[in-house]
Amino acid sequence: MGMKVLVVGGGGREHAIATALSRTGDVTINSVMAKRNPGISRIAKEILIHRETDVPRVLDFARKTGSDYAVIGPEAPLETGIVDALEGAGIACTGPSRAAARLETDKGFCREMMDRHGIAGCPRYRVCHSVEEAISFMDEYGGDLAIKPIGLTGGKGVRIMGEQVDYDGAVDYIRKIDGHVVLEERLVGEEFTLQAFADGKNLVPMPLVQDHKRAFEGDTGPNTGGMGSYSMPDHMLPFVTTEDYEKALTIMKSVLGVMKRDGHPYKGILYGQFMNTAEGPKVIEFNARFGDPEAMNVLTLLSSDFTDIVTGISEGTLSSARVRFSPAATVCKYIVPKGYPDTPNAGDPISLGEMPGSVILYYANVEERQGQLVTLTSRTLAFVGIGRTLAEAEKTAETAASSVTGNVRHRRDIGTEKLLAQRCDHMKALR
Ligand code: AMP
Ligand code: GLY
């Protein structure tokens, strides 16, 4: 009898997770999600529509469905200790314990851990708990800072001085969140994402990806959950040297080692978001899960058996020999409701046009009402193009995304050669 896997979460990332798991013939997928994701609905056998952070309900559903394994998509259930509860009931998980998930859920914990153990790539920072303390660090530091609320914000709570706010704006923002902030040196460079499978002691990296946080073309407008992302056929990025890459990987391995030594072994997906600066990669943050949209790039490329990898994660037998990715480029473009993220218009019908045969569609925050797709307030649909070259992958994703009709938009520039050349020029100018 095959595995029964409970996938927790109902976004585009979880549709990609469920799709990758279902490529194995002998596996049954069950799902708990707050909203009925049309893509996951088609894959899953049993479905519970319910808040994913309600640990007792999720545990009860896992037991009832006989799930022997769980893959946790989003961070919120990790923070409520879903893995501790499921493992306590004998259900193996891909996802860290509540204590290990603090790498993401408590930004102060993360910086202090890096600092205490002398892990490279930690920017100058201060964890503050009052407005006075925060302002006095701002004055002492003198330069531009990144201002981050301590807890989870869905990637939208950060304000960068010199970019989104000036000194006075920074002070207003700090007052608004009562001084509970991590202040960090503003890092300048090019961002990249390094995701890895981790089993507590072994770490196996996935292809590098670059996400696009800003809402509009040319990296303008407010921060979003991520408008789209791309990866290259060699699984590297042209503005990241082999040396930069090795440094980033070493940082991730050091974190894994420290978490184990400190009694909170980290297993699941470790997501490293780096800023490649003139001095090499610095850590913007760690996440305790796949990135969304970065999961779409890497899971689409994964050519080895995902159920075998998740088993390796829970059994502590992960090895790079068991993990393979196709040597292709990917471009993921999200379509989002007009007005997203600040004033998204929900409830609009959308229709897919003529799709290129090779495009992969992941459903995200979208509902199906009597066969009609209808937008909700967050990211709607993700289109992934795969190609021998970036240009080929981009064309596929762009053709698919622009064929959608309705009150939605997307970023046309993601994955284009032009934008990539700008990234490379920026990096060259810094070095
Ligand atoms: P986060 O919620 O930590 O992912 O941050 C959201 C965005 O803010 C990141 O994608 C970066 O573009 C930016 N950011 C965060 N921390 C810093 C930093 N220390 N320096 C410059 N930019 C940052
Ligand atoms: N793509 C950024 C994130 O998932 O946090």
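Refer to the structure printed above.
Computed from a predicted structure; not experimentally measured.

Some words on the site of ligand 2
Then comes step 1: In the vicinity of ligand 2, the residues found are Asp 211, Lys 213, Gly 225, Tyr 271, Asn 287, Arg 289, Gly 291, Asp 292, Pro 293 and Glu 294.
Then comes step 2: At 3.3 Å, a side-chain N or O of Asn 287 approaches an oxygen atom of ligand 2.
Then comes step 3: In this structure, an oxygen atom belonging to ligand 2 sits 3.0 Å away from a side-chain N or O atom of Arg 289.
Then comes step 4: Notes on ligand 2: free accessible area 200 Å², of which the protein chains cover 92%.
Then comes step 5: Looking at the shell around ligand 2 residue by residue, the class counts come to two nonpolar, three polar and five charged.

Some details on the packing of helix 1 (residues 12-22) against helix 12 (residues 306-315)
Then comes step 1: The geometry of helix 1 relative to helix 12 is characterised by a closest axis approach of 7 Å and an angle of 105° between their N-to-C directions. As the angle between them shows, helix 1 and helix 12 are arranged roughly perpendicular. Touching Ile 17, Ala 20 and Leu 21 of helix 1 are Phe 306, Thr 307 and Val 310, all from helix 12.
Then comes step 2: When its residues are assigned to classes, the contact of helix 1 with helix 12 shows five nonpolar, one polar and no charged.

Re unusual backbone geometry
Then comes step 1: Along the chain, Tyr 340 connects to Pro 341 via a cis peptide bond; the corresponding omega equals 5°.
Then comes step 2: For Pro 341, the position within the fold is in the loop between strand 18 (329-337) and strand 19 (349-350).
Then comes step 3: The residue Asp 178 is not glycine, and still its phi comes out positive at about 60°.
Then comes step 4: Take Asp 178: it is sitting in the loop between helix 9 (167-176) and strand 9 (180-185).
Then comes step 5: Owing to a relative accessible area of 53%, Asp 178 belongs among the exposed residues under this scheme.

Some words on empty space enclosed by the protein
Then comes step 1: Counted under the stated rule, the structure contains two cavities of 30 Å³ or more.
Then comes step 2: Within this model, the largest cavity holds a volume of roughly 60 Å³.
Then comes step 3: Along the walls of the largest cavity sit Leu 103, Glu 104, Lys 107, Cys 110, Arg 111, Lys 148, Glu 184, Ile 284, Glu 285 and Phe 286, which together make up its complete lining.
Then comes step 4: Of all elements in the fold, only helix 6 (102-105), helix 7 (107-116) and strand 17 (280-287) reach the threshold of two or more residues within the lining of the largest cavity.
Then comes step 5: Across the lining of the largest cavity, the residue classes break down as four nonpolar, no polar and six charged.
Then comes step 6: When its volume is computed, the second largest cavity comes out at roughly 30 Å³.

Cut-off values and rules
Going along each chain's sequence as written, the residues are numbered from 1 onward. Chain A is the first chain written and ligand 1 is the first ligand written, with later ones labelled in order. The model is predicted, so local features are restricted to residues of pLDDT at least 70 and side-chain atom pairs to those at 80 or more, both for listing and for counting; the totals for chains, interfaces and linings are taken over all residues. Hydrogens and water molecules were not included; the side-chain quantities draw on all heavy atoms of the structure. Near residues are defined by distance, with any heavy atom within 4 Å of the molecule or strand qualifying the residue. Polar contacts, as counted here, are pairs of nitrogen or oxygen atoms within 3.5 Å of one another; within protein the pair requires one atom able to donate a hydrogen and one able to accept it, and residues that are adjacent in sequence qualify only if both atoms are side-chain atoms. A 1.4 Å probe and the Shrake-Rupley method give the accessible areas. Residues count as covered only by the protein chains that appear here. Put simply, Ala, Val, Leu, Ile, Met, Phe, Trp, Tyr, Cys and Pro go in the nonpolar bin, Asp, Glu, Lys and Arg in the charged bin, and everything else, Gly too, in the polar bin. Orientation is described by axes fitted as lines to C-alpha atoms, over the contacting stretch for helices, and by angles from 0 to 180 degrees between their N-to-C directions. Working definition: helices are DSSP H or I runs of at least four residues, strands are E runs of at least two. Numbering for both runs from the N terminus. Note that the term roughly parallel is reserved for angles under 35 degrees, roughly antiparallel for angles over 145, roughly perpendicular for angles of 65 to 115, and oblique for everything else. Residues are treated as being in contact if the distance between any of their heavy atoms lies within 4.5 Å. The rule is simple: take the accessible area with a 1.4 Å probe, protein chains only, and divide by the maximum for that residue type; under 20% is buried, over 50% is exposed, in between is partly exposed. Buriedness of a pocket was judged along seven lines, with at least five required to meet protein on both sides within 12 Å; pockets are open sets of points on a 1 Å grid over the protein atoms alone, cavities are sets where a 1.4 Å probe fits but cannot get out, and lining residues have an atom within 4 Å of a point. Grid points are joined across faces, edges and corners, and a volume is the space filled by probe spheres set on the points.

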